[in-house]
Amino acid sequence: MVHKIAEVTGRAPGKLILCGEHAVVHGSTALAASLGLYTQVRIQNSISTAEPDGHLTIQLTDMNMHFTWPIKRIEAAFQSLSTFDVDPLSVKSCSPDIMQCIAAIVDEQEFPEAIIGVAAGVSALLFLYISIIGFKPATVIVASDIPLGSGLGSSAALCVAGSGAMLAFSGALDLDVLQGDWLSLKEKKQEIVNKWAYEGEKIIHGKPSGIDNTVSTFGNLVKFKSGHLVHIPNVFPIKMLITNTKVGRNTKALVAGVSERALRHPQSMMAVFTAVNAISEEMAEIIQAPFSDDISISEQEGKMEELMEMNQGLLQCMGVSHSAIEAVLQTTSRYKLCSKLTGAGGGGCVLTLLPKLLSGKVVDKVKADLESQGFQCFLATIGGEGVQVCFQCSSS
Ligand SMILES: Nc1ncnc2c1ncn2[C@@H]1O[C@H](COP(=O)(O)OP(=O)(O)O)[C@@H](O)[C@H]1O
Ligand SMILES: C[C@@](O)(CCOP(=O)(O)O)CC(=O)O
Ligand SMILES: [Mg+2]
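Residues numbered from 1 in each chain as written. Chains lettered and ligands numbered in written order. Predicted model: local features only at pLDDT ≥ 70, side-chain atom pairs only at ≥ 80, totals over all residues. Heavy atoms only, no water.

Naming follows an unreviewed UniProt entry, where the protein appears as Mevalonate kinase of Ginkgo biloba. Heading Subcellular location (unreviewed entry) of the UniProt record for the protein holds this comment: "Cytoplasm". (UniProt positions renumbered as here; feature names shortened; annotations may be inferred.)

Rendered as structure tokens:
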């Protein structure tokens, strides 16, 4: 009996930026940890689905959206290019010419006004699919636990899970096909996934630093500067409350806004980015410092809180805070807790450090207070596995 791959699923975590967002785009150090919320991208061979043969279909299950194109239509759109190589092992950028071909097919679909931003995610998936797998029919099914556009890295998780699934489906990762188990990837294979994911993230973000796709691919805790990654051993027990202000925003526009401010005030903004760099470096030292007892933990937490407060002030200088973020900061400070925005800001999520010795009653009170103002709070596991893939086979 022959086992044929019927479907491959990739899953990748969201992330928390502990410090250094935005400044990392301009070459400063940032620290990020993976989050226990995932995006899954499943690729089904079209013969094993109800989809008509000869189509590429993308289903966004959380939004109940479904887009489909005849493969011949996609090929026709790409015919204007003088060359287009399909090679999973040769990572390439989405050139303006390729983007034009993708825009032509994406524009044929109707995106409701309320979720128009999703077109960027669909474009990134199409670019990755056509570059890695080529003009072949399949169904791509996306499902995510990560709230979109809230600073928790849904865009990177989509690109990492998508690249992982597509590379595994293409056979380029040369994995043992173990049916039904989540497989972690070796570092060299993670690196290929990460490079493709970065190219996808560029379509969604414009000018990403690469920290989000890197932490989503490799997992755990990372220090990141100018494309260079250092794995940080996660010895310090960090507990964060995440508050979603539910104010929608778009990373691409916020990143562009900071760059424009840096062009208007190059010296002043350079000083801001340099200060953030020092904060991230100090935070990395604290997280890695040995601690012996509750007193040393409290001291380290005190320093982390001060650094978070300083980082938040500098994010305000960059123009990426928001009145809803400020409302969360004021509320948590009433409980003597320290918070900062995470991700691109402009709304989205806020992190609050929960010291080890803080009583559960205080946590319940601050959550109740924030939720009474319409915010959404949750505690999430920090620092788990990065990208993983899972095969399902059919026998014939
Ligand atoms: N599950 C998903 N399905 C479709 N598009 C997605 C999905 N997750 C992320 N995206 C894309 O990423 C965008 C949100 O990314 P971004 O603004 O960077 O915020 P964040 O990465 O913090 O969630 C969405 O507008 C969409 O284009
Ligand atoms: C603002 C930035 O530092 C992080 C953006 O994260 P998110 O898309 O808001 O989850 C941009 C980047 O590093 O690419
Ligand atoms: Mg993003």
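1. Quick word on the overall build of the protein
Along the protein, the regular secondary structure elements total 11 helices and 13 strands. Relative to a compact globule of 396 residues, whose C-alpha radius of gyration would be 21 Å, the protein shows 22 Å and is just as compact. Look at the contacts in the protein between residues 6 or more apart in sequence, and 78% of them connect residues 24 or more apart. With an accessible surface of roughly 16800 Å², the protein has 53% of that area assigned to carbon and sulfur atoms. On the protein, the mean spot of the 30 positive side-chain charges and the mean spot of the 38 negative ones are 2 Å from each other. (Helix = DSSP H or I, 4+ residues; strand = E, 2+ residues; numbered from the N terminus. Rg over C-alpha atoms; globule rule 2.2 N^0.38 Å. Contact = heavy atoms within 4.5 Å. Areas by Shrake-Rupley, 256 points an atom, 1.4 Å probe, with all protein chains shown as cover. Lys, Arg positive; Asp, Glu negative; His and termini not counted. Charge placed at Lys NZ, Arg CZ, Asp CG, Glu CD.)

2. Remarks on the environment of Thr-332
Structurally, Thr-332 is set in helix H10 (residues 323-334). With a relative accessible area of 0%, Thr-332 lands in the buried category. For the pair Thr-332 and Ala-143, spaced 189 residues apart in the sequence, the C-alpha separation amounts to 32 Å. Not counting chain neighbours up to four residues away, the residues in contact with Thr-332 comprise Leu-337, Ser-339, Thr-352, Val-366 and Leu-370. Among the polar contacts listed, one links the side chain of Thr-332 to the backbone oxygen of Leu-329, at a separation of 3.2 Å. (Buried < 20%, exposed > 50% of the residue type's maximum accessible area, 1.4 Å probe, protein only. Polar contact = N/O pair within 3.5 Å; in protein donor to acceptor, adjacent residues only side chain to side chain.)

3. Some details on the coordination of the magnesium ion (ligand 3)
At this site the magnesium ion (ligand 3) is bound by Ser-155 (OG) and His-205 (NE2), with donor distances of 2.2 to 2.3 Å. Here the residue Ser-155 occupies a position in helix H4 (residues 154-170), and His-205 occupies one in helix H5 (residues 187-205), the gap between them amounting to 50 residues. With respect to class, Ser-155 is no different from His-205; both count as buried. (Donors = N, O, S within 2.8 Å, 3.2 Å for Na, K, Ca; no water.)

4. Some thoughts on the UniProt feature "domain: GHMP kinase C-terminal" (unreviewed entry) in the protein
The feature "domain: GHMP kinase C-terminal" (unreviewed entry), as annotated in UniProt, sits at residues 303-368 in this numbering. Secondary structure content for residues 303-368 is 56% helix and 12% strand, and the end C-alpha separation is 27 Å.

5. As for the sheet that holds strand E11 (residues 349-353)
Read across the sheet, four strands follow the order E10-E11-E9-E12 without closing on themselves; strand pairing throughout is antiparallel. The open sheet terminates on both sides in strands that have one partner only, identified here as strand E10 (339-341) and strand E12 (376-379). Strand-to-strand twist of the sheet, defined as the mean angle between neighbouring strand axes without regard to direction, takes the value 25 degrees. As defined by bridge partners, strand E9 (residues 240-244) adjoins E11 across five bridges and the pair is classed as antiparallel. Bridge pairing links Leu-241 to Thr-352 in E11. Contacts from helix H9 (residues 294-318) reach E9, E10 and E11, with the element oriented near 35 degrees to E10. (Pairing = 2+ DSSP bridges. Axes fitted to C-alpha atoms, helices over the stretch in contact; angles between N-to-C directions.)

6. Regarding the side chain of Gln-312
Tracing the backbone through its elements, the reader meets Gln-312 in helix H9. A polar atom in the side chain of Gln-312 sits 2.8 Å from the backbone nitrogen of Leu-341.

7. What to know about the pairing of E11
Buried residues dominate E11, accounting for five of its five residues. The two faces of E11 match: Cys-349, Leu-351 and Leu-353 on one face and Val-350 and Thr-352 on the other face are all buried. As paired strands, E10 and E11 are joined by three bridges and run antiparallel to one another. The residue bridging Ser-339 from the neighbouring strand is Thr-352, located in E11.

8. As for the state of the cysteines
For the structure shown, the criterion picks out zero disulfides. The thiol of Cys-94 is not disulfide-bonded; the next cysteine sulfur, from Cys-101, is found 8.7 Å away. (Disulfide = S-S within 2.5 Å.)

9. Looking at the site of ligand 1
Around ligand 1, the surrounding shell holds 21 residues, and the nearest of these are Gly-117, Gly-149, Gly-151, Ser-154 and His-205. Within the backbone of Gly-149, one N or O atom sits 2.8 Å away from an oxygen atom of ligand 1. At a separation of 3.0 Å, an oxygen atom of ligand 1 approaches a polar side-chain atom of Ser-155. Isolated, ligand 1 exposes 560 Å² of accessible area, and the fraction of that covered by the protein chains is 94%. For the shell around ligand 1, the elements supplying multiple residues, two or more each, are helix H3 (118-132), strand E5 (138-144), H4 and H5. Of the residues in the shell around ligand 1, the class split is nine nonpolar, 11 polar and one charged. (Near = heavy atom within 4 Å. Nonpolar A, V, L, I, M, F, W, Y, C, P; charged D, E, K, R; others polar.)

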